[in-house]
Amino acid sequence: MDLVLLPIVLLAAFLNGYGIWNDQYANSYYTTAVGSMLSNFHNFFYASLDSAGSVTVDKPPVVFWIQTAFAYVFGLHGWSVILPQVLAGIGSVLLIYFMVKPTYGLAAARISALAMATVPVVAAVSRTNNIDSMLVFTLLLGSWFLFKGSKQGSAWRILVAFGLIGVAFNMKMLQAYMILPAFYLFYLLAFQAKWRRKIILMIGSTAVLAVVSLSWAVAVDSIPEDQRPYIGSSETNSVMELAFGYNGLARLTGQQNTAGNAGMPNGMGQGNNRGNRGDSTSGPNQTGSGVPAAGQDVNAQDNDNMNGSNGLNTMGGMNGPNGNFPNGQMPNDMEMPNGRNFGGNGGGGMFGTGEKGPLRLFQTELSGQASWLMPVVLLGCIAIFAGLRRRNITNKHKEALFWLAWLLPVAAFFSVAGFFHQYYLIMLAPPLAALTGAGFIAMWKSYRDRVGWQAWLLPVSVLLTTLSGWYIMQGYNDTIGAGWSISELIAGILVTVILVVMLHRTHRWKQGFIIAGFMVMLIGPIYWAFTPITYGGNSMIPAAGPTGSNGMFGGAGKGMPMGNGAGVTEMPATGGRGGMGNRNEEVDTATLNYLKEHNTGETYLFATTDYNQAAPYIIDEKAAVITLGGFSGSDPVYTTEELEQLVKSGQVKYFMVGGMGGRGGNSEINDWIKEHGTEIPSSEWQTGTDSASMNNGDTENEAGLGFGFGFGFSGQTTLYEVKL
């Protein structure tokens, strides 16, 4: 047993797991789904968002199946759905260690494991119930099988490796395929067999990849729409379309469909050609749910999803002319950081993702997540490949090519992508960590052996990496103080000078200074990796950094300026239940008591246009609640005919309409509820005027800002009783 590995694993466990018991709901969108999945197999299989099994979450179900299993054993809590990701983060550190050690040695494996544990975005994501930590673990597990299979000529291990990529596809769809270039390249270079056998096995592995990847999607899409939930955030009620559209090409182009973009200010004025099931009649109930179909007779009608009386304008409006804010200006004199426009059409990106271009990963908005060790990786690769000869390609070269073939396409994608979140950069962590260990040891050996110009790579890497760390940290001097950035800079310069002076000398402390150089390079990433603990995290859109809890923009660097005309202030960080990214709704006891007391045998306690209103009742009270519109509130889950049938059959009679977050729902549904329902005075069912929809009277909400994840403004919730 490697005793040095133990503290590295303990560090990873602390960074990933400390304080998760304080996160009541984690990412409430996913936790709500887990609560619904616990109720029956129908909901479990489809990863249904609500108790009725009427609409799915916008991702495949594998990670949610795992989270549901943990919730079944430990009970449904924020920490119980986060725990699988904590373990996955620790597992990723161990896998990096065991993958690097056989080829590059023990020292390289230790360095790689430490680097993986302290990549800031890894720590930020692994302490939430978002999918990406489990995704990376699964991809690394597949990579481990690939390495083993290639070295041993084992066909079954190769098949398992590609099968695990298929499993990862059923976690986050096309994001899993970002490492396929690395898989195919390494297989062709490293698998020891005749070319005929190699090609046949590659074709078979690709077939396994396709079958495993598409198994759930094809199974779901082949089921009649009236017997399954609506596929959340899809345009055509299809998993395949979701995979290659909203969760695929749209991430690159930034052209999000209006379902995924509802509550988001970009593209709101564009017409929506998604299916509107308004002409369909009431269909048979869903299997196992007792609810009308989630998808019938899809017609291509223009919903004008976010304009007119629909979407955000129903809530008081966020749309300026043509559906966008002129010059990046938001309501109430609020501005986008740096005056940017929202969304993927411009260069800035919506969630603090910087300007598109080759240096995007080094910009303030993204650099703190995973870019700290880029200089040492670059120079380390030069050291690894310096001795490469055509007829002397070793395992070191092949594995370095694998990690580069993982790193470069992923880095290229995020340099030009139109829509993504900062925490997606966890995809960069494994190759960066592996190449940090392998490259640093290669430079160490060149320095020790004084191999010509290669001997200078080590001190230069220390200098460039500490300069990069200083550049990243100094942008936050107002928050963390200038001492951290200046101390790292001074220490880095000092160690560099010592390494240069000692290059041609022999001294017993020489090795100690080399180790000191590496530890100096880790000052920045270690500090950033601790920020989700020290500054508070954000479970909806996790990001590392002193501003990582600032909701919609994650750790974008400067926070989000906002004001009401009297001045501009920075959005406050919040914690406890997932930070600013979540709405922090809680069960209103008065609401719960009213709904229970007036329930006359209905199956569902209430239906709502906003899943955030349903979340605490599903999670805390195990109540049966219907969400009428998925994540955005605009998915065409129900028609008015189906709602009428729900009410007539005695399944539901109370409807909550409105709320924060910009999730105004489908206008036709809202109009039907208002036309056929009786408004219940808030004094009869709410603890105070806005307690069910506002954040305890915070001054931002009193000013009409009402920040939720969907950027809604104000947001009065109304309860209707519908009797037919």
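Look up: the structure comes first, before these words.
A. Main features of the side chain of Ser446. Within the secondary structure, Ser446 is located in helix H18 (residues 429-449). Ser446 has contacts with Val451, Gln454 and Ala455, leaving out every residue within four places of it along the chain.

B. Region of interest: helix H6 (residues 106-118). The terminal C-alpha atoms of H6 lie 19 Å apart, and with 13 residues this matches the ideal 18 Å at 1.5 Å per residue to within 8%. All buried positions along H6 are accounted for by Ala108, Ala109, Ile111, Ser112, Ala113, Leu114, Ala115, Met116, Ala117 and Thr118.

C. Examining the packing of helix H19 (residues 457-474) against helix H21 (residues 483-501) more closely. Where H19 contacts H21, the axes come no closer than 9 Å and their chain directions differ by 170 degrees. One finds that H19 runs roughly antiparallel with respect to H21. Along its contact with H19, which presents Pro459, Val462, Leu463, Thr465, Thr466, Leu467, Gly469, Trp470, Met473 and Gln474, the element H21 presents Trp484, Ser485, Ile486, Glu488, Leu489, Gly492, Ile493, Val495, Thr496, Leu499 and Val500. Here the residues of the contact of H19 with H21 are counted per class, giving 13 nonpolar, seven polar and one charged.

D. Geometry of the sheet that holds strand E11 (residues 717-722). Spatial ordering of the open sheet is given by E8-E7-E9-E11-E10, a layout of five strands whose pairing is mixed. Only two strands of the sheet have a single neighbouring strand rather than two, namely strand E8 (625-627) and strand E10 (677-680). In this sheet, adjacent strand axes meet at a mean angle of 30 degrees when their direction is disregarded. Both strand E7 (residues 606-608) and E8 contribute to a ladder of three bridges, which runs parallel. Within E8, the position partnered with Ala607 by the bridge is Ile626.

E. Here's a closer look at empty space enclosed by the protein. Counted by the stated rule, this structure contains seven cavities of 30 Å³ or more. Computed from the structure, the second largest cavity encloses a volume of approximately 80 Å³. As for the second largest cavity, its lining consists of Ala115, Thr118, Val119, Pro120, Ala370, Trp372, Leu373, Leu432, Thr436 and Pro525. Mapped by element, the contributors of at least two residues to the lining of the second largest cavity are H6 and H18.

F. Structural view of the nonpolar core. Of all hydrophobic cores here, the largest spans 163 residues; its most connected members are Trp403, Trp406, Met427, Phe440 and Ile673. Ranked by residues supplied to this core, first place goes to helix H5 (residues 78-104) with 13 residues. Contact partners of Phe440, with chain neighbours within four places excluded, come to Ile111, Val376, Leu435, Leu458, Ile514, Phe518 and Met521. Judged by nonpolar contacts, the second largest core, of 15 residues, contains Tyr594, Val625, Ile680 and Leu719.

G. Just unusual backbone geometry, in detail. Phi is positive for Ala47, which is not a glycine, with a value near 60 degrees. A positive phi angle, close to 70 degrees, is found at Ser233, a residue other than glycine.

H. Inspection of the pattern of salt bridges at higher detail. The tally for this structure, following the rule as stated, stands at eight salt bridges. Between Asp132 and Lys172 there is a salt bridge, and its shortest N-O distance comes to 2.8 Å. Here the residue Asp132 occupies a position in helix H8 (residues 132-152), and Lys172 occupies one in helix H9 (residues 155-172), the gap between them amounting to 40 residues. On the accessibility criterion, Lys172 (5% relative accessible area) is buried. Between Glu399 and Lys151 there is a salt bridge, and its shortest N-O distance comes to 2.9 Å.

I. Expanded view of the packing of aromatic side chains. A full pass over the atoms with the stated rule returns 42 aromatic pairs. Relative to Phe74, the ring of Phe70 lies with its centre 6.1 Å away and its plane at 40 degrees, an arrangement referred to as tilted. Residue Phe70 and its partner Phe74 are both found in helix H4 (residues 62-74); the two are separated by four residues, about one turn of the helix. Residues Phe183 and Phe402 carry aromatic rings whose centres are separated by 6.1 Å and whose planes lie at 50 degrees to one another, so their mutual orientation is tilted. Residue Phe183 is found in helix H10 (residues 180-190), and its partner Phe402 is found in helix H17 (residues 395-416); the two are separated by 219 residues along the sequence. Both residues of the pair, Phe183 and Phe402, belong to the buried class.

J. Just the packing of H10 against helix H11 (residues 195-221), in detail. Between H10 and H11, the shortest axis-to-axis distance is 11 Å and the interhelical angle comes to 155 degrees. Of the possible angle classes, the one that applies to H10 and H11 is roughly antiparallel. Crossing geometry of H10 relative to H11 is assigned as right-handed. Contacts from Leu180, Tyr184, Tyr187 and Leu188 of H10 reach H11 at Trp195, Arg197, Lys198, Leu201, Met202, Thr206 and Leu209. Across the contact of H10 with H11, the residue classes break down as eight nonpolar, one polar and two charged.

What counts as what
- Residues numbered from 1 in each chain as written.
- Predicted model: local features only at pLDDT ≥ 70, side-chain atom pairs only at ≥ 80, totals over all residues.
- Heavy atoms only, no water.
- Helix = DSSP H or I, 4+ residues; strand = E, 2+ residues; numbered from the N terminus.
- Contact = heavy atoms within 4.5 Å.
- Expected span 1.5 Å × (residues − 1).
- Buried < 20%, exposed > 50% of the residue type's maximum accessible area, 1.4 Å probe, protein only.
- Axes fitted to C-alpha atoms, helices over the stretch in contact; angles between N-to-C directions.
- Parallel < 35°, antiparallel > 145°, perpendicular 65-115°, else oblique.
- Nonpolar A, V, L, I, M, F, W, Y, C, P; charged D, E, K, R; others polar.
- Pairing = 2+ DSSP bridges.
- 1 Å grid on protein atoms, 1.4 Å probe; cavity = no way out; pocket = protein on both sides within 12 Å on 5 of 7 lines; lining within 4 Å.
- Points joined across faces, edges and corners; volume = space filled by probe spheres on them.
- Core = buried A, V, L, I, M, F, W, Y, C linked by side-chain atoms within 4.5 Å.
- Salt bridge = Lys/Arg side-chain N within 4 Å of Asp/Glu carboxyl O.
- Phe/Tyr/Trp six-rings, centres within 6.5 Å; stacked < 30°, edge-to-face > 60°.
- Left-handed = near helix turned anticlockwise from the far one by under 90°.

Take it as geometry only, folks, not as evidence of what the structure does.
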